[in-house]
Amino acid sequence: MDKKAIIDSLKDGLIVSCQAVPSEPHYMPGVVPMFARCAQWAGAAGLRIDTPDNVREVKAQVDLPVIGLWKIDRGIKDVYITPHFDAARQLWEAGAEIIAIQATNHRRDDGKLSYETITEVKERIPQALVFADIATAEDAKEAAARGADFVAPTMYGYVKAGTFTGPEIKDAPDYRLLRDIVDAVKGTGSMVIMEGKVATPEIAIQCLYMGAHAVVVGNAITRPHITAKRFARALDRYHNE
């Protein structure tokens, strides 16, 4: 599909984030493409996949647009989601039609702000769509100015070296942040995709109503231990968090 066809295919759709790392209890070889096949069976419009190897494996089995990202040195570096052009290039070569790039007010190893990766990808891989992982409305505005096709508050609550400082016990998005992001990119050509704490279909519909082009759901679908934790802590009246 060309860019417009991909954008249109995602409209009002579900994008399933299929991720697993060895430290998580649900990790096993082949789990990421299995999640991707489940998402396609369910009617998902797209996928969000980490690492070129996983992108390549998923694209061989599933015919859906893929948002590719590459988390490198999370917990060590301030910019860790597709932190440089070479990472973006490898995702593109693996088959990702959309490249997710951290777009926050943090500096890469070369001293440039992370937004610069958007500019580099737009110039050097013009066929790719760019998905900016932002934290604030100001980030969204900067990413849109640099030509990001999509902006999503994936990084909301995260600060230096991937440390999360937002409220841990929160089972719905920050709708005021979504409002501000939608307003920040209005008229720029960039589209908002809601990502983060979309835990139910009702929340997803609320996000579309507020102006999101599509929604990304990860934890509630592909991280069963996180979903189980939501139930356990609620039934325990939040005594054991």
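Residues numbered from 1 in each chain as written. Predicted model: local features only at pLDDT ≥ 70, side-chain atom pairs only at ≥ 80, totals over all residues. Heavy atoms only, no water.

Focus: the overall build of the protein chain
Now for step 1: Along the protein chain, the regular secondary structure elements total ten helices and eight strands.
Now for step 2: Taken against the 2.2 N^0.38 rule, which gives 18 Å for 241 residues, the C-alpha radius of gyration of the protein chain at 17 Å falls within 12% of a compact globule.
Now for step 3: Principal-axis analysis of the C-alpha atoms gives the protein chain an extent of 50 × 40 × 35 Å.
Now for step 4: Across the 241 residues of the protein chain, 49% fall into the buried class. (Helix = DSSP H or I, 4+ residues; strand = E, 2+ residues; numbered from the N terminus. Rg over C-alpha atoms; globule rule 2.2 N^0.38 Å. Buried < 20%, exposed > 50% of the residue type's maximum accessible area, 1.4 Å probe, protein only.)

Quick notes on the pairing of strand β1 (residues 14–18)
Now for step 1: Across the five residues of β1, four count as buried, placing the element largely inside the fold.
Now for step 2: Where β1 lies against strand β8 (residues 214–217), three bridges are found, and the strand directions are parallel. Paired with valine 16 across the two strands is valine 217, which belongs to β8.
Now for step 3: Across four bridges, β1 lies against strand β2 (residues 46–50) in parallel orientation. Pairing of isoleucine 15 across the sheet is with glycine 46, part of β2.
Now for step 4: This β-α-β element, β1 to helix α2 (residues 31–42) to β2, shows right-handed connectivity. (Pairing = 2+ DSSP bridges. Right-handed = clockwise from strand over helix to strand, strands pointing away.)

Overview of the nonpolar core
Now for step 1: Of all hydrophobic cores here, the largest spans 52 residues; its most connected members are Leu47, Val121 and Val151.
Now for step 2: If we skip the residues at most four places from it in the chain, valine 121 touches Phe85, Ala88, Ile99, Ile101, Pro126, Ala128 and Val130.
Now for step 3: Judged by nonpolar contacts, the second largest core, of 21 residues, contains Ala100, Leu129, Ala135 and Ala214. (Core = buried A, V, L, I, M, F, W, Y, C linked by side-chain atoms within 4.5 Å. Contact = heavy atoms within 4.5 Å.)

A word on the side chain of threonine 154
Now for step 1: Residue position: threonine 154 is located in the loop between β6 (150–152) and α7 (175–185).
Now for step 2: The exposure class of threonine 154 is buried, given its relative accessible area of 17%.
Now for step 3: A distance of 2.7 Å separates the side chain of threonine 154 from the side chain of aspartate 133, its partner in a polar contact. (Polar contact = N/O pair within 3.5 Å; in protein donor to acceptor, adjacent residues only side chain to side chain.)

Side note on the sheet that holds strand β7 (residues 191–195)
Now for step 1: With parallel pairing, the eight strands of this closed barrel are ordered in space as β1-β2-β3-β4-β5-β6-β7-β8. Adjacent strand axes in the sheet meet at a mean angle of 25 degrees, parallel and antiparallel pairs treated alike.
Now for step 2: Packing of α2 onto the sheet brings it into contact with β1 and β2, and relative to β1 it is tilted by some 165 degrees. (Axes fitted to C-alpha atoms, helices over the stretch in contact; angles between N-to-C directions.)

Details of helix α5 (residues 116–124)
One full turn of an α-helix is made of 3.6 residues, so residues set three or four places apart face in the same direction.
Now for step 1: The complete set of buried residues in α5 reads Thr117, Ile118, Thr119, Glu120 and Val121.
Now for step 2: In this structure, the buried residues of α5 make contact with α4 (85–94), β4 (98–102), β5 (129–133) and α6 (137–145).

Digging into the packing of aromatic side chains
Now for step 1: Within this structure, the stated rule accounts for one aromatic pair.
Now for step 2: Both rings, one in phenylalanine 131 and one in phenylalanine 150, keep their centres 6.2 Å apart while their planes meet at 45 degrees; by these two values the pair is tilted. One end of the pair, phenylalanine 131, is in strand β5; the other, phenylalanine 150, is in strand β6, with 19 residues separating them in the sequence.
Now for step 3: Classification of phenylalanine 150 as buried rests on a relative accessible area of 0%. (Phe/Tyr/Trp six-rings, centres within 6.5 Å; stacked < 30°, edge-to-face > 60°.)

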